[in-house]
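Breakdown of the fold
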Amino acid sequence: MVEPKFHPAADVASVPRDSVKAVTVDTLSVLLVHTEGGIFAVENRCSHAEEPLACGRVKYGWIACPAHGARFDLETGEPLTPPATAPIRTFPVRIDGDTISVLLS
Ligand code: FES
């Protein structure tokens, strides 16, 4: 069986609680979001009009798109409010020592 390949994305210390960090993982722009629920990884692109989600407000387990305000569940990527109707991509996160690693799927 082939072990899934987690990609190193950032140092844990560079994403403190209540912060968002945009990183590039294997050419894909990914947001690492550290909330009270843990560290989440989502694609840095809104499903509505493909605007970046970086700089979006984060609260209660969701991130809001700064362009038109759609909110997405950080864990599932599902849209919670319009105008988005499709989910965003989410990725499993693993902490390897001091490194946050992301599994691109
Ligand atoms: S581009 Fe994100 S809500 Fe429109």
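Look up a bit, the structure's there.
Let me sum up the structure you'll find in this document. (Residues numbered from 1 in each chain as written. Predicted model: local features only at pLDDT ≥ 70, side-chain atom pairs only at ≥ 80, totals over all residues.)

As summarised here, the arrangement of the 4 strands in space is 2-3-4-8, forming an open sheet in which the pairing is antiparallel. In this open sheet, the two strands that pair with only one neighbour each are strand 2 (19-25) and strand 8 (90-91). Pairing between strand 3 (residues 28-35) and strand 4 (residues 38-43): 6 bridges, direction antiparallel. Within the sheet, the bridge partner assigned to Leu 32 lies in strand 4 and is Ala 41. (Pairing = 2+ DSSP bridges. Helix = DSSP H or I, 4+ residues; strand = E, 2+ residues; numbered from the N terminus.)

Here we take up the sheet that holds strand 9 (residues 93-96). The strand order across the open sheet built from 3 strands is 1-10-9, with neighbouring strands paired in antiparallel fashion. Across the chains shown, the open sheet's two edge strands, defined by having one partner strand only, are strand 1 (6-11) and strand 9. Direction aside, the axes of adjacent strands within the sheet are offset by 35° on average. Pairing of strand 1 with strand 10 (residues 99-103), which is carried by 5 bridges, proceeds in the antiparallel orientation. Bridging from a neighbouring strand, Asp 11 pairs with Thr 99 of strand 10. (Axes fitted to C-alpha atoms, helices over the stretch in contact; angles between N-to-C directions.)

Attention now goes to the nonpolar core. Judged by nonpolar contacts, the single largest core of 25 residues is most densely connected at Val 30, Leu 32, Val 33 and Val 42. Residue assignment for this core shows that the elements contributing at least two residues are strand 1, strand 2, strand 3, strand 4, strand 6 (62-64) and strand 10. (Core = buried A, V, L, I, M, F, W, Y, C linked by C-beta atoms within 7 Å. Buried ≥ 20, exposed ≤ 12 C-beta atoms within 10 Å, placed from the backbone.)

Before going further, it helps to spend a moment on the environment of Tyr 60. By secondary structure assignment, the location of Tyr 60 is in the loop between strand 5 (58-59) and strand 6. Note on Tyr 60: 11 C-beta atoms within 10 Å, which makes it exposed. Through-space distance from the C-alpha of Tyr 60 to that of Thr 35 is 8.4 Å; in sequence the pair is 25 residues apart.

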